[in-house]
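Each chain, letter by letter, is given below.
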Amino acid sequence: MFSRFALTVLLAVVVAACSGSDSAEPDGESPQNGVSAAITIAGFSFGDPIEVVAGTTVTVTNDDSAAHTWTSSDDTWPSAALGGGESFDFTFEEAGTYEFFCSIHPTMTGSVTVTG
Ligand SMILES: [Cu+2]
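Note that this is a predicted model, so its numbers are computed, not measured. (Residues numbered from 1 in each chain as written. Predicted model: local features only at pLDDT ≥ 70, side-chain atom pairs only at ≥ 80, totals over all residues. Heavy atoms only, no water.)

**Let's talk about the overall build of the protein chain**
Within the protein chain one finds one helix and eight strands. Starting at the N terminus and walking to the C terminus, you meet the elements of the protein chain as α-β-β-β-β-β-β-β-β. Looking at the protein chain as a whole, 24% of its 116 residues are labelled buried. Counting only contacts in the protein chain whose residues sit at least 6 apart along the sequence, the fraction spanning at least 24 positions is 43%. (Helix = DSSP H or I, 4+ residues; strand = E, 2+ residues; numbered from the N terminus. Buried < 20%, exposed > 50% of the residue type's maximum accessible area, 1.4 Å probe, protein only. Contact = heavy atoms within 4.5 Å.)

Structure below.
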């Protein structure tokens, strides 16, 4: 009788372990803290300005074959050199408007507005 109880406990632990690993799989798609947003560099343009909520991780991806940088106008984040296909991300914790440009092609500009 005691061994049957022990077996039941063992099965419960195994089931818990299996369901635990299942729920861990989607982590890459939906961050647990905050949300994510994307900026795509294409045709020597950062595209339209974006607006996000505080805590959002913005990923900038360079879809051009030419190299670009994602450079903060006020050094909020370290300037990122992006070869073709490369990306860089930064999490915006504080509200404000953050302007950026490409240091190789200074006419390429854009902004992220963070709302509290
Ligand atoms: Cu550029």
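**So, the coordination of the copper ion**
Note on the copper ion: its protein donors are His68 (ND1), Cys102 (SG) and His105 (ND1). The metal-donor distances range over 2.0 to 2.1 Å. Here the donor residues of the copper ion are spaced in sequence according to H-x33-C-x2-H. With histidine 68 in strand S4 (residues 68-72) and cysteine 102 in the loop between strand S7 (96-101) and strand S8 (109-115), the pair connects residues that are 34 residues apart, well separated along the chain. (Donors = N, O, S within 2.8 Å, 3.2 Å for Na, K, Ca; no water.)

**As for the side chain of threonine 69**
Note on placement: threonine 69 falls in strand S4. A distance of 2.8 Å separates polar atoms of two side chains, one belonging to threonine 69 and the other to threonine 71. For threonine 69, the side chain forms a polar contact with the main-chain nitrogen of serine 103, separated by 2.8 Å. Once residues lying within four places of it in the same chain are set aside, the contact partners of threonine 69 are Phe46, Ser79, Ala80, Ala81, Leu82, Phe101, Cys102, Ser103 and Ile104. (Polar contact = N/O pair within 3.5 Å; in protein donor to acceptor, adjacent residues only side chain to side chain.)

**A closer look at the sheet that holds strand S1 (residues 36-41)**
An order of S1-S3-S6 is seen for the three strands of this open sheet, with the pairing classed as mixed. The outermost strands of the open sheet, each flanked by one partner alone, are S1 and strand S6 (87-92). Averaged over all pairs of adjacent strands, the angle between their axes in this sheet comes to 20°, without regard to strand direction. Strand direction decides the pairing type here: S1 and strand S3 (residues 56-62), joined by six bridges, are parallel. Looking at S3, one finds that alanine 37 is bridged to valine 58. (Pairing = 2+ DSSP bridges. Axes fitted to C-alpha atoms, helices over the stretch in contact; angles between N-to-C directions.)

**Structural notes on the confidence of the model for the protein chain**
Model confidence for the protein chain is summarised by a mean pLDDT of 82, while 71% of its residues fall at 70 or above. The low-confidence segment residues 6-32, where pLDDT is below 50, has one contact with residues more than four positions distant or belonging to other chains. (pLDDT = per-residue confidence, 0-100.)

**Observations regarding unusual backbone geometry**
The residue phenylalanine 44 is not glycine, and still its phi comes out positive at about 60°. Positionally, phenylalanine 44 belongs in the loop between S1 and strand S2 (50-53). Positive phi, normally seen in glycine, also occurs at aspartate 75, with a value near 60°. By the secondary structure assignment, aspartate 75 is in the loop between S4 and strand S5 (80-82).

**Quick notes on the sheet that holds S7**
Ordered in space as S2-S8-S7-S4-S5, the five strands form an open sheet in which the pairing is mixed. Two strands bound the open sheet, and with one partner strand each, they are S2 and S5. Neighbour-to-neighbour, the strand axes of this sheet turn through a mean angle of 25°, independent of strand direction. As paired elements, S4 and S5 share three bridges and run antiparallel to each other. Within the sheet, the bridge partner assigned to histidine 68 lies in S5 and is leucine 82.

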